[in-house]
Amino acid sequence: MHTENLILGAGISGLGAAYALREAGRESVILEKTDCYGGLCVSFTIDGFTFDHFVHLSFAKDERVNRIFRAGSPEIVTHIPNPSNIYKGKWIKHPAQNNLYALDPVERELVIADFRKRPTEVLTPPENYEKWLRLQYGDYFAEHFPMAYTRKYWMKEACELRTEWVGNRLYQPSLEEVIAGSLQEDKRVTYYAKEMRYPQSGGYASYLKVLAENADIRYNAAVKSIDTQLKVVTDVLGNKYEYERLISSIPLPLLIKAVENVPAEVKEAALQLEATSGYHISVALKTKNIPPYLWWYIYDEDILAARVYSPSLKSSANAPEGCSSLQMEVYCKEGAYTESRLIEGTVGKLVSLGLIAEEDILFTHVGFEPFANVIFSQPVYEVRDKVRNYLKSVNIETIGRFGEWGYLWSDQSLLSGLNILV
Ligand SMILES: Cc1cc2nc3c(=O)[nH]c(=O)nc-3n(C[C@H](O)[C@H](O)[C@H](O)COP(=O)(O)OP(=O)(O)OC[C@H]3O[C@@H](n4cnc5c(N)ncnc54)[C@H](O)[C@@H]3O)c2cc1C
């Protein structure tokens, strides 16, 4: 077949590009590997319980994005973020750095002593994330909290990461705030988003409804090869699509593998683009008795999960009456753990901590995402630019989290698609 615009990937960015083209009166076809649209923003329902793929809440500011989200889901639940942490089996309000009051007194003193020892004048910016963390929080806190978490969430040591992505994601309190928070709870919302929104029903994917309406999506059509000379894409079923314009939201390393005749140095650069992958382990419960936090981080390394969120707290419509749900995130390569080890290291640990009861569990579900977060390793920007410049030279435009290869939230991924030139 022939199409004016061919879009690869029906995640929020690919759908956004198709939507922008449609509004401008142009046709497009989307090729999607799976049997549904949404990508990372997809939701699924089992026995009346709705789950997303990892925690998803919206803090979009852009009016165009919010109009699209509201059109998909007119009823929205609004939350003031109340994240928490599990550290050595105990709850600590998030961010822990200005809520040390819940720590054991000896550890509290160790954190404050190292916080005081931080240099007051910094002449050169820290060259990696570990140095940045030590400078911001002192050695004890850096080592026991964010450096431990980096191993679980980013699958890397902090010294292997760059710092540009941090932005306002980690709260940087003054010594006075640290001391005040070591005496009593810091009641302010110091999380970087002050309000979070979520569809009342249907899960996060409801936000994408109007984007997908009237979109020509070909499902189970994973891209296999791309001939940029003849301008033809072939999918795994052998179907051929001639295009005039090609827009891709699929992860850059997969795109490079599909393009024919890529120069060796570009292939080499693409091999250095790293992303986390991970399992989401969902659990349905026949009780409403779960921890009251929308999401929580786990620092303890004997628990496989890095983070837990509650779909039923995001919206009560995500679970049947009288029930609740949790989903845990474990970052690792596919197959690193068996399914029973994943359940034992997540659900089993919550049971042994007394946070949920074994007899309340209705079912568990395990899913895997091959691309979750871009890893900001040292060569990331250089190799990303090399790959994207090459793709531009063969007339492939790249959009979205894995096309721009950045730390894009869903609203930013949508804008990446909406903002293509039409
Ligand atoms: C753990 C986690 C938590 C997050 N939490 C939030 C949050 O709270 N709020 C928020 O706003 N954002 C959040 N995000 C970010 C958000 O999920 C992304 O920004 C957004 O979903 C990316 O959309 P995309 O279209 O760029 O990519 P994707 O969603 O990855 O879409 C790419 C699409 O391409 C398809 N594809 C892949 N390979 C091929 C192929 N060979 N052929 C055809 N199709 C292919 C995929 O199946 C997929 O549908 C989170 C992300 C993660 C990982």
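Residues numbered from 1 in each chain as written. Predicted model: local features only at pLDDT ≥ 70, side-chain atom pairs only at ≥ 80, totals over all residues.

**Q** When you look at the site of the ligand in this model, what are you seeing that I'm missing?
**A** Near the ligand lie 35 residues; those nearest to it are Gly 9, Gly 11, Gly 39, Gly 400 and Ser 410. Counting residues per element, the ones that place at least two in the shell around the ligand are helix 1 (12-23), helix 14 (401-405) and helix 15 (410-418). Residues belonging to the shell around the ligand are distributed by class as follows: 18 nonpolar, 13 polar and four charged. When residues of the shell around the ligand are assigned to domains, at least three fall in each of domain 1 (2-37 + 215-272 + 376-418) and domain 2 (40-94 + 191-199 + 276-370). (Near = placed C-beta within 6 Å. Helix = DSSP H or I, 4+ residues; strand = E, 2+ residues; numbered from the N terminus. Nonpolar A, V, L, I, M, F, W, Y, C, P; charged D, E, K, R; others polar. Domains from an automatic or database assignment.)

**Q** Sorry, what's going on with helix 6 (residues 146-153) here?
**A** Since the α-helix advances by 3.6 residues per turn, residues separated by three or four positions end up pointing in the same direction. For helix 6, every residue scored as buried is listed here: Pro 146, Met 147, Tyr 149, Thr 150 and Lys 152. Summarising the contacts, the buried residues of helix 6 are in contact with helix 4 (129-137), helix 5 (139-144), strand 14 (295-298) and strand 16 (324-331). Two residues or fewer after helix 6 comes Met 155, characterised by a positive phi angle close to 60°. (Buried ≥ 20, exposed ≤ 12 C-beta atoms within 10 Å, placed from the backbone. Contact = placed C-beta atoms within 7 Å.)

**Q** Just checking my understanding: could you explain the nonpolar core for this structure?
**A** Looking at soluble globular proteins, one finds that nonpolar side chains tend to be buried together. If you look at the biggest cluster of nonpolar residues, it comprises 115 residues, and the most contacted ones within it are Leu 15, Ile 298 and Val 330. When residues of this core are assigned to their parent elements, the largest contribution, seven residues, is made by helix 1. Those residues in contact with Ile 298 that sit more than four places away from it in its chain are Ile 86, Ile 303, Ala 305, Ala 306, Arg 307 and Val 308. (Core = buried A, V, L, I, M, F, W, Y, C linked by C-beta atoms within 7 Å.)

**Q** Looking at this structure, I do not really get the packing of helix 3 (residues 105-116) against helix 7 (residues 175-183). What am I missing?
**A** Any two packed helices are characterised by the angle at which their axes cross and by the distance between the axes. Between helix 3 and helix 7, whose axes approach to 11 Å, the crossing angle comes to 170°. Taken together, the axes of helix 3 and helix 7 are roughly antiparallel relative to one another. Along its contact with helix 3, which presents Arg 108, Ile 112, Phe 115 and Arg 116, the element helix 7 presents Leu 175, Val 178, Ile 179 and Ser 182. For the contact of helix 3 with helix 7, the per-class residue count stands at five nonpolar, one polar and two charged. (Axes fitted to C-alpha atoms, helices over the stretch in contact; angles between N-to-C directions. Parallel < 35°, antiparallel > 145°, perpendicular 65-115°, else oblique.)

**Q** How should I be thinking about the packing of helix 10 (residues 264-271) against helix 13 (residues 380-393) in this particular structure?
**A** At a closest axis distance of 9 Å, the pairing of helix 10 and helix 13 adopts a crossing angle of 135°. The pairing of helix 10 with helix 13 is recorded here as oblique in orientation. Considering the relative orientation of helix 10 and helix 13, their crossing is left-handed. Every residue of helix 13 that contacts helix 10 at Val 266, Ala 269 and Ala 270 is listed here: Val 383, Lys 386, Val 387 and Tyr 390. (Left-handed = near helix turned anticlockwise from the far one by under 90°.)

**Q** I tried to follow unusual backbone geometry on my own but got confused; where do I start?
**A** Comment: phi is negative for the bulk of residues other than glycine, and the bulk of peptide bonds are trans. A cis geometry characterises the amide bond from His 94 onward to Pro 95, with omega recorded as -5°. With respect to the helices and strands, Pro 95 occurs in the loop between strand 7 (90-93) and helix 3. Even without glycine at this site, Asn 261 takes up a positive phi of about 60°. Mapped onto the elements of the fold, Asn 261 is located in the loop between helix 9 (252-258) and helix 10. Unlike most non-glycine residues, Asn 395 shows phi in positive territory, near 65°. You can see Asn 395 is positioned in the loop between helix 13 and strand 18 (396-398).

**Q** Sorry, what's going on with the sheet that holds strand 13 (residues 278-285) here?
**A** Sheet strands line up and pair through hydrogen bonds in the backbone, either parallel or antiparallel. Pairing is mixed in the open sheet, where seven strands are placed in the order 7-6-14-15-16-13-17. Whereas interior strands pair on both sides, the edge strands pair on one side only; in this sheet they are strand 7 and strand 17 (361-369). Averaged over neighbouring strand pairs, the angle between their axes works out to 25° when direction is ignored. In terms of strand pairing, strand 15 (residues 307-309) meets strand 16 through three bridges, oriented antiparallel. Bridging from a neighbouring strand, Tyr 309 pairs with Gln 327 of strand 16. (Pairing = 2+ DSSP bridges.)

**Q** What should I look at first to understand helix 1 in this one?
**A** Spanning 12 residues, helix 1 covers 16 Å between terminal C-alpha atoms, matching the ideal 16 Å at 1.5 Å per step. Across the 12 residues that make up helix 1, a large majority, 10, are buried. Among the residues of helix 1, those classed as buried are Ile 12, Ser 13, Gly 14, Leu 15, Gly 16, Ala 17, Ala 18, Tyr 19, Ala 20 and Leu 21. Close packing links the buried residues of helix 1 with strand 1 (2-8), strand 2 (29-31), helix 8 (209-212), strand 12 (240-248), helix 14 and helix 15. After helix 1 finishes, the residue Gly 25 shows a positive phi value of roughly 80°. (Expected span 1.5 Å × (residues − 1).)

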